[in-house]
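These are the residues of each chain, in order.
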Amino acid sequence: MTQLTPMTAPPSAADTFETIERVAQAPRRPRGMSGWFRSDGPHTLVFLIPLLFSFVLFSWKPIVDAAVMAFQQTNLIAPAEWVGLENFATVLNDPLLGTAVMNTLWFALLALLLGYPIPLVVAVLMSEVRRGRGLYSALAYLPVIVPPVVGALLWKFFYDASPNGVFNTIIGWFGVAPLPWLQDPATAMPSIVLFATWSAAGGTVIIYLAALIGVAPELYDAAEVDGAGVWRKVWHVTIPQLRGVLLVTFILQIIGTAQVFLEPFLLTAGGPANSTMTVLMLIYKYAFQNSLGGDYGAATALSIMLAVVLAIFSAVYFRLTKSWSTS
């Protein structure tokens, strides 16, 4: 016969009050400085001081110095002179500012249309692979490991405008005439976006792959029972489940594209005819326009203006999408 386990009787009210009284009378850790010293406070502080020192020295101090320099006229050689808002007026009156802003917005739009959906599509396709997923993940992340200068020189070779260039040879197989990829203002920015997408998409693919692990397989099974194909499962299951990650990667891409510098600097140096001059390249032009030191006041003023615009945009974006990421 099966022996029945006797049920434990619930605690009585007297036992409950006795437990509460015993906990209340237990010795508490003394508060105040004496309690802090008796606990692990000094040890925590010892390990925290180097981190705080490094953070203040390399993060906050440059920000404060830049904020001060924005109101000065200095080239870091001659003594600084306070000029108030003159640096901001100089930047706003620069005819190149409008060109740089429009080029940056154009780059951001192209990067969103091309570089934002591609990592998601690649991650979804890789998640459907049953064999060799690790190899495909390594291949997708490989461009991120390539040094930017090496990648830019490689793509600059691919963008050779002659008929024997790599990309011109490929499109020539389909009867397309050779294109002046980096030499034409109409094609220079899309060419830079292609390189930027190739070099940065791998990191986002890995993020999406990690997020896809958290999607319940039962949802895909239910979608398959309903006869959903791959793309219907992506639209009705994957994207809603990755909504929070997609919103974060979107704002990160906006911030990253607003600060694009390396790609146009290495491939076109802002040309041709300033068609790839971005805001950060204009900041670089202010600061290093000659060997004796440029106008660092104007450079930091434009940097602060860019930081303020991105901060406002990020705050508004997270405010508007707060409910979207949870609903």
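Everything quoted here is computed from the prediction, not taken from an experiment. (Residues numbered from 1 in each chain as written. Predicted model: local features only at pLDDT ≥ 70, side-chain atom pairs only at ≥ 80, totals over all residues. Heavy atoms only, no water.)

(A) Molecular detail of the overall build of the protein chain. Along its length, the protein chain carries 16 helices and two strands. Going through the 327 residues of the protein chain one by one, you find that 33% of them count as buried. For the protein chain, restricting intrachain contacts to residue pairs at least 6 apart in sequence, the fraction spanning at least 24 positions comes to 62%. For the protein chain, the computed accessible surface area is about 21000 Å², with 70% contributed by carbon and sulfur atoms. (Helix = DSSP H or I, 4+ residues; strand = E, 2+ residues; numbered from the N terminus. Buried < 20%, exposed > 50% of the residue type's maximum accessible area, 1.4 Å probe, protein only. Contact = heavy atoms within 4.5 Å. Areas by Shrake-Rupley, 256 points an atom, 1.4 Å probe, with all protein chains shown as cover.)

(B) Representation of helix α7 (residues 133-145) within the structure. Between its first and last C-alpha, α7 extends 19 Å over 13 residues, near the 18 Å set by a 1.5 Å rise per residue. When α7 is considered as a whole, its buried residues turn out to be Ser137, Ala140 and Pro143. Looking at the buried positions of α7, the neighbouring elements they touch are α6 (117-127) and α10 (185-213). (Expected span 1.5 Å × (residues − 1).)

(C) Geometry of the pattern of salt bridges. The full count for this structure, using the stated rule, is one salt bridge. Residue Lys61 is joined to Asp65 by a salt bridge in which the shortest nitrogen-to-oxygen separation is 2.9 Å. Taken together, the positions of Lys61 and Asp65, both in helix α3 (residues 41-69) and four residues apart, correspond to about one turn of that helix. A relative accessible area of 44% places Lys61 in the partly exposed class. On the basis of relative accessible area, Asp65 is assigned to the partly exposed category, the value being 33%. (Salt bridge = Lys/Arg side-chain N within 4 Å of Asp/Glu carboxyl O.)

(D) Layout of unusual backbone geometry. In this structure, Pro272 follows Gly271 across a cis peptide bond, with omega equal to -5 degrees. Mapped onto the elements, Pro272 comes out in the loop between α14 (262-267) and α15 (279-287). Here the phi dihedral of Ala273 falls at roughly 55 degrees; this positive angle occurs in a residue that is not glycine. Judged by its relative accessible area of 73%, Ala273 is exposed.

(E) View of the packing of α7 against α10. As a packed pair, α7 and α10 sit with axes 6 Å apart at the nearest point and diverge in direction by 135 degrees. Judged by the angle between their axes, α7 and α10 are oblique. Where α7 crosses over α10, the two elements pack in a sense that is left-handed. For the pair α7 and α10, the contacting residues are Ser137, Ala140, Tyr141, Pro143 and Val144 in the first and Trp198, Ser199, Gly202, Gly203, Val205, Ile206 and Leu209 in the second. Its residues assigned to classes, the contact of α7 with α10 shows eight nonpolar, four polar and no charged. (Axes fitted to C-alpha atoms, helices over the stretch in contact; angles between N-to-C directions. Parallel < 35°, antiparallel > 145°, perpendicular 65-115°, else oblique. Left-handed = near helix turned anticlockwise from the far one by under 90°. Nonpolar A, V, L, I, M, F, W, Y, C, P; charged D, E, K, R; others polar.)

(F) Quick look at α15. Along α15, the residues that are buried comprise Val279, Met281, Leu282, Ile283, Tyr286 and Ala287. Of the surrounding secondary structure, the elements contacted by the buried residues of α15 are α4 (86-92), α5 (95-115), α14 and α16 (296-320).

(G) A nonpolar patch on the surface, seen in detail. Together, Leu135, Tyr136, Leu139, Tyr141, Leu142, Val144, Ile145 and Ile206 make up a nonpolar patch on the protein surface, roughly 730 Å² of accessible area in all. Element by element, the count of residues in the nonpolar patch is highest for α7, at seven residues. Relative to the helices and strands, Val144 is located in helix α7. (Patch = residues over 30% accessible without salt bridge, like charges linked within 9 Å, V, L, I, M, F, W, Y side chains within 5 Å.)

(H) Examining the nonpolar core more closely. The biggest cluster of nonpolar side chains holds 22 residues, and the ones touching the most others in it are Val91, Val279, Leu282, Tyr286 and Leu302. Elements represented by at least two residues in this core include exactly α4, α5, α15 and α16. Broken down by element, the residue count for this core peaks at seven residues, all from α16. Filtering out sequence-adjacent residues up to four positions away, Val279 remains in contact with Ala100, Val101, Thr104, Leu302 and Leu306. In this structure, Val124, Val205, Leu212 and Ala228 belong to the second largest nonpolar core, which totals 19 residues. (Core = buried A, V, L, I, M, F, W, Y, C linked by side-chain atoms within 4.5 Å.)

(I) Spatial organisation of the packing of α6 against α10. Two elements in contact, α6 and α10, have axes whose closest approach is 8 Å; the angle formed by their N-to-C orientations is 50 degrees. The pairing of α6 with α10 is recorded here as oblique in orientation. Here the hand of the crossing between α6 and α10 comes out right-handed. The residues of α10 that touch α6, namely those facing Ile118, Pro119, Leu120, Val122, Ala123, Val124, Met126 and Ser127, are Thr197, Ala201, Thr204, Val205, Tyr208, Leu209 and Leu212. In terms of residue class, the contact of α6 with α10 is made up of twelve nonpolar, three polar and no charged.

(J) Here's a closer look at the environment of Phe157. Structurally, Phe157 is set in helix α8 (residues 148-158). According to the relative accessible area criterion, Phe157 is exposed, its value standing at 55%. In sequence terms Phe157 and Phe167 are ten residues apart; their C-alpha atoms lie 9.3 Å from each other.

(K) The packing of aromatic side chains, seen in detail. One pass over the full model with this rule turns up 22 aromatic pairs. For the pair Phe261 and Tyr284, a centre-to-centre distance of 5.4 Å together with 50 degrees between the ring planes defines the contact as tilted. Within this pair, whereas Phe261 is found in the loop between α13 (243-258) and α14, its partner Tyr284 is found in helix α15, the two being separated by 23 residues in sequence. On the basis of relative accessible area, Tyr284 is assigned to the partly exposed category, the value being 32%. By the ring-pair criterion, three or more aromatic residues cluster together here, those being Trp155, Phe157, Phe158, Tyr159, Phe167, Trp181, Phe195 and Trp198. (Phe/Tyr/Trp six-rings, centres within 6.5 Å; stacked < 30°, edge-to-face > 60°.)

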